[in-house]
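Structural overview
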Amino acid sequence: MAGRSRRLTFVVLGLCGFLIVIATLFTLSRRYSNTKPENIAEIFPYGALRIGVDASNPPFAVATADDLFGLEIDMSKALADEIGIEAQFVNMTFDGIYDSLKADQVDMVIATLSIDPLRTAEVRYMRPYFNAGLVLISAAENPISLMSDMAGHRLAYEFGSNADSEARRWLRRILPFQTLPYELPEYALDAVRLGEADVALVDATSARLYLRDHDWAARVEYATVNPYVIAVREDRAEVWRIVDRALQTLEENGTLQTIIDKWL
């Protein structure tokens, strides 16, 4: 009975964390929804949707000698098409992403950004386009869906990663389980597939890439939530509204999922 109660507590805590993220995005949406956009030429006076990207982060964005490619590049182009304007990319390092907004070098940034509560006074975040949180991956015939079920099992993960921190956190909460740190998330996933571990805890991007390249019946369950979001300047409510609406359309008509499935 105590174990069941403890498991229920952990499930409720996880759901609360997820609901807090969703509530934050909903609050931002309500806060900006009454801003009425004007015409496209006034919203985008430079004649294009200027998009700041960090093209050193495959498969989301990568630069070649001639072009840019990746999930976020395709999504940006689809957003621009939906709005009816040209997409213009500005490639920069991640450290300069927020400064580029402040200096009006770009209209928005798409660079695997997570919500930073300390920046909500200066930027506006849109609805999430991908959940990059940690996932539990186990064999389909022996599934493990919750971290609270890890007691007595073998957990593989990347040493020094967010998964490492999450595993240590759960070791303080439940009965002991065996930890198997590996150099790379791919090695942790290999361990589960080959029967050397019961479950792997890795980021969702690594998990999707691995499962795309391996013919393996696996069970995948999110353990944490880390939504990637688009950011615009706080004083650009019109840009926020029209791009967020375009993103909603891409989500509803399946375009966004098609792009995700292409790259992950």
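Up top you'll find the structure we're talking about.
The notes below deal with the structure included here. Predicted, not measured: the structure shown is a model, and the values here were computed from it.

Take the packing of helix α3 (residues 71-83) against helix α9 (residues 255-263) next. Put simply, α3 and α9 touch, their axes get as near as 9 Å, and they point 155° apart. One element, α3, and the other, α9, form an angle in the roughly antiparallel class. Note that α3 runs across α9; the crossing there is right-handed. Residues Leu71, Asp74, Met75 and Ala78 of α3 form the contact with α9, whose participating residues are Thr255, Leu256, Ile259, Ile260, Lys262 and Trp263. Here the contact of α3 with α9 is composed, by residue class, of seven nonpolar, one polar and two charged.

Moving on: the environment of Ala197. Looking at the secondary structure, you find Ala197 in the loop between α6 (185-193) and β12 (199-203). Once the C-alpha coordinates of Ala197 and Leu180 are considered, the two residues, 17 residues apart in sequence, prove to be 7.7 Å apart. Look past the residues within four positions of Ala197 in its chain and what remains in contact with it is Arg154, Ala156, Leu180, Ala191 and Val192.

Here the structure, examined in full by the defined rule, presents five aromatic pairs. Considering the side-chain rings of Phe60 and Tyr228, the 5.5 Å spacing of their centres and the 80° angle between planes classify their relative orientation as edge-to-face. In this pair, Phe60 is assigned in the loop between β2 (56-57) and β3 (61-63) and Tyr228 in strand β14 (residues 227-233), connecting sequence segments 168 residues apart. Grouped by ring-pair contacts, the aromatic residues Phe60, Tyr129, Phe130 and Tyr228 constitute a single cluster. Note that Arg119 overlies the ring of Tyr98, its terminal NZ or CZ placed 3.9 Å from the centroid.

Turning our eyes to something else, we now look at the pattern of salt bridges. This model, assessed by the stated rule, comprises 17 salt bridges. Of the charged contacts, one joins Arg236 and Asp104 as a salt bridge, the two residues approaching to 3.2 Å between their closest N and O atoms. One end of the pair, Arg236, is in the loop between β14 and α8 (237-252); the other, Asp104, is in the loop between α4 (97-102) and β6 (108-114), with 132 residues separating them in the sequence. Across the salt bridge formed by Asp164 and Arg168, the nearest N and O atoms sit 2.7 Å from each other. A residue pair is termed a helical-turn pair when its members lie 3 or 4 positions apart in one helix, as Asp164 and Arg168 do in helix α5 (residues 162-171) at four residues. By relative accessible area, which is 4% here, Asp164 ends up buried. With a relative accessible area of 47%, Arg168 lands in the partly exposed category. One salt-bridge network, in which partners are shared between bridges, spans Arg50, Asp104, Asp107, Arg233, Asp235 and Arg236.

Basis of the calculations
Residues numbered from 1 in each chain as written. Predicted model: local features only at pLDDT ≥ 70, side-chain atom pairs only at ≥ 80, totals over all residues. Heavy atoms only, no water. Axes fitted to C-alpha atoms, helices over the stretch in contact; angles between N-to-C directions. Helix = DSSP H or I, 4+ residues; strand = E, 2+ residues; numbered from the N terminus. Parallel < 35°, antiparallel > 145°, perpendicular 65-115°, else oblique. Left-handed = near helix turned anticlockwise from the far one by under 90°. Contact = heavy atoms within 4.5 Å. Nonpolar A, V, L, I, M, F, W, Y, C, P; charged D, E, K, R; others polar. Phe/Tyr/Trp six-rings, centres within 6.5 Å; stacked < 30°, edge-to-face > 60°. Lys NZ or Arg CZ within 6 Å of the ring centre and 35° of its normal. Salt bridge = Lys/Arg side-chain N within 4 Å of Asp/Glu carboxyl O. Buried < 20%, exposed > 50% of the residue type's maximum accessible area, 1.4 Å probe, protein only.

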